[in-house]
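Chains, contacts and geometry: an overview
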Amino acid sequence: MKNLIIAIDGTAGSGKSTTARLVARRLQYLHIDTGAMYRAVALAVLQNNINPDDKDAVEKLVERLKLRLRQNNGIEVLLNDEHVTDLIRRSDVTSIVSTISSYEGVRAKMVEEQRAMGKNGSVVLEGRDIGTVVFPDADIKLFFIADVEERARRRCRELLDKGERVDFETILSDIKSRDYFDSTRAISPLKKAHDAITIDTSNISIDEQVEKVLSIVAKRQNVKSSVKE
Ligand code: DC
């Protein structure tokens, strides 16, 4: 199972991050959570007291950020050498990340870094524009979807597990507005690549999602090796 580029796109809460992480672990591939990169930029905006609506200031900031993803039993996110893995999940980060990730200068820098990290293959990249923009020639393209109420329930469970207080209706409306913003923005909107396989995770477990992806990978691998023979 070597050298494939696996692109997983989908909405927030569709299960793509967990599945990408587990699939990468099973294949001993690198897992690149591109949402975490946009979140790290959003965190830097807050830490530097920059107005998230000030596109020029945000784009200037991103030029001087040093961002690293380190694999260490899951992904660790380092921002200018500071460990920010947990901080990027804060709700004030979540509430501005869609705005930050809609800026051209931010996307250009992130896409460049994602291509550099993934170009040698043996990677699972997950995000919103991997199969359409970052790696349009990826070996496998998947598009994860799930019912919005189920996604909100999953998000509530995640936050409850972390000991945070949750309000289902607020989370549901946050997810709906992020979906809307991410899929209607001008640059690289969330969109299914024409050749991506859709996986609806509304009624299947994480284990089933992982098995489904691995069976697609195995089929693709067989096709690849029979073409070589
Ligand atoms: O996957 P996530 O919820 O952690 O992503 C956070 C935000 O980053 C999401 O609202 C949209 C944006 N994003 C993006 O624009 N492009 C990507 N490839 C990944 C995430």
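Scroll up to find the structure.
Read on for an overview of the structure. Keep in mind that this is a model prediction, so the values were computed, not measured.

A few words on unusual backbone geometry. We note that Asp81 has phi near 70 degrees; this positive angle belongs to a residue other than glycine. Structurally, Asp81 is set in the loop between strand S4 (75-79) and strand S5 (82-83). For Ser188, which is not glycine, the phi torsion reads 45 degrees and is therefore positive. Its location among the elements puts Ser188 in the loop between helix H8 (168-184) and strand S8 (197-200). The class for Ser188 is buried, based on a relative accessible area of 15%.

Take the site of the ligand next. Residues in contact with the ligand amount to 16 residues; listed here are only the nearest, Arg39, Arg107, Asp129, Arg178 and Arg185. Here an oxygen atom of the ligand sits 3.0 Å away from a polar atom, N or O, in the side chain of Asp182. For the ligand, an oxygen atom lies 2.8 Å from a polar atom in the side chain of Arg185. Elements with a minimum of two residues in the shell around the ligand: helix H2 (34-47), helix H4 (91-100) and H8. Counting residues per element, the shell around the ligand draws most heavily on H2, at 4 residues. Looking at side-chain class alone, the shell around the ligand contains 2 nonpolar, 5 polar and 9 charged residues.

Where like charges cluster on the molecular surface, the negative patch consists of Asp147, Glu149, Asp167, Glu169 and Asp200. Note that Asp167 resides in the loop between helix H7 (148-161) and H8. Of the residues examined, Asp167 reaches a relative accessible area of 41% and is grouped as partly exposed.

Residue position: Glu104 is located in helix H5 (residues 104-118). Taking the C-alpha atoms as reference points, Glu104 and Ile75, separated by 29 residues in sequence, lie 25 Å from one another. Apart from residues no more than four positions distant in its own chain, Glu104 is found in contact with Lys55, Glu59 and Ile187.

Once that is clear, we can look at the packing of H2 against H4. Helices that pack against each other are described as a pair by the angle of their axes relative to one another and the distance between those axes. One way to put it is that H2 packs onto H4 with a least axis distance of 8 Å and a crossing angle of 105 degrees. The orientation of H2 relative to H4 falls into the category roughly perpendicular. Contact residues: H2 offers Tyr38, Arg39, Val41, Ala42, Leu43, Val45 and Leu46, while H4 offers Asp92, Val93, Thr94, Ile96, Val97 and Ile100. Residues belonging to the contact of H2 with H4 are distributed by class as follows: 10 nonpolar, 1 polar and 2 charged.

Read across the open sheet, the 3 strands follow the order S3-S4-S5; overall the sheet is antiparallel. Here the strands that pair on one side only, and so sit at the sheet edges, are strand S3 (67-71) and S5. In the sheet, S3 pairs with S4 via 5 bridges, with the strands oriented antiparallel. Paired with Leu67 across the bridge in S4 is Leu79. Sheet strands in contact with H2 are S3, S4 and S5, and its direction is about 35 degrees off that of S4.

Conventions adopted
- Residues numbered from 1 in each chain as written.
- Predicted model: local features only at pLDDT ≥ 70, side-chain atom pairs only at ≥ 80, totals over all residues.
- Heavy atoms only, no water.
- Helix = DSSP H or I, 4+ residues; strand = E, 2+ residues; numbered from the N terminus.
- Buried < 20%, exposed > 50% of the residue type's maximum accessible area, 1.4 Å probe, protein only.
- Near = heavy atom within 4 Å.
- Polar contact = N/O pair within 3.5 Å; in protein donor to acceptor, adjacent residues only side chain to side chain.
- Nonpolar A, V, L, I, M, F, W, Y, C, P; charged D, E, K, R; others polar.
- Patch = residues over 30% accessible without salt bridge, like charges linked within 9 Å, V, L, I, M, F, W, Y side chains within 5 Å.
- Areas by Shrake-Rupley, 256 points an atom, 1.4 Å probe, with all protein chains shown as cover.
- Salt bridge = Lys/Arg side-chain N within 4 Å of Asp/Glu carboxyl O.
- Lys, Arg positive; Asp, Glu negative; His and termini not counted.
- Charge placed at Lys NZ, Arg CZ, Asp CG, Glu CD.
- Contact = heavy atoms within 4.5 Å.
- Axes fitted to C-alpha atoms, helices over the stretch in contact; angles between N-to-C directions.
- Parallel < 35°, antiparallel > 145°, perpendicular 65-115°, else oblique.
- Pairing = 2+ DSSP bridges.

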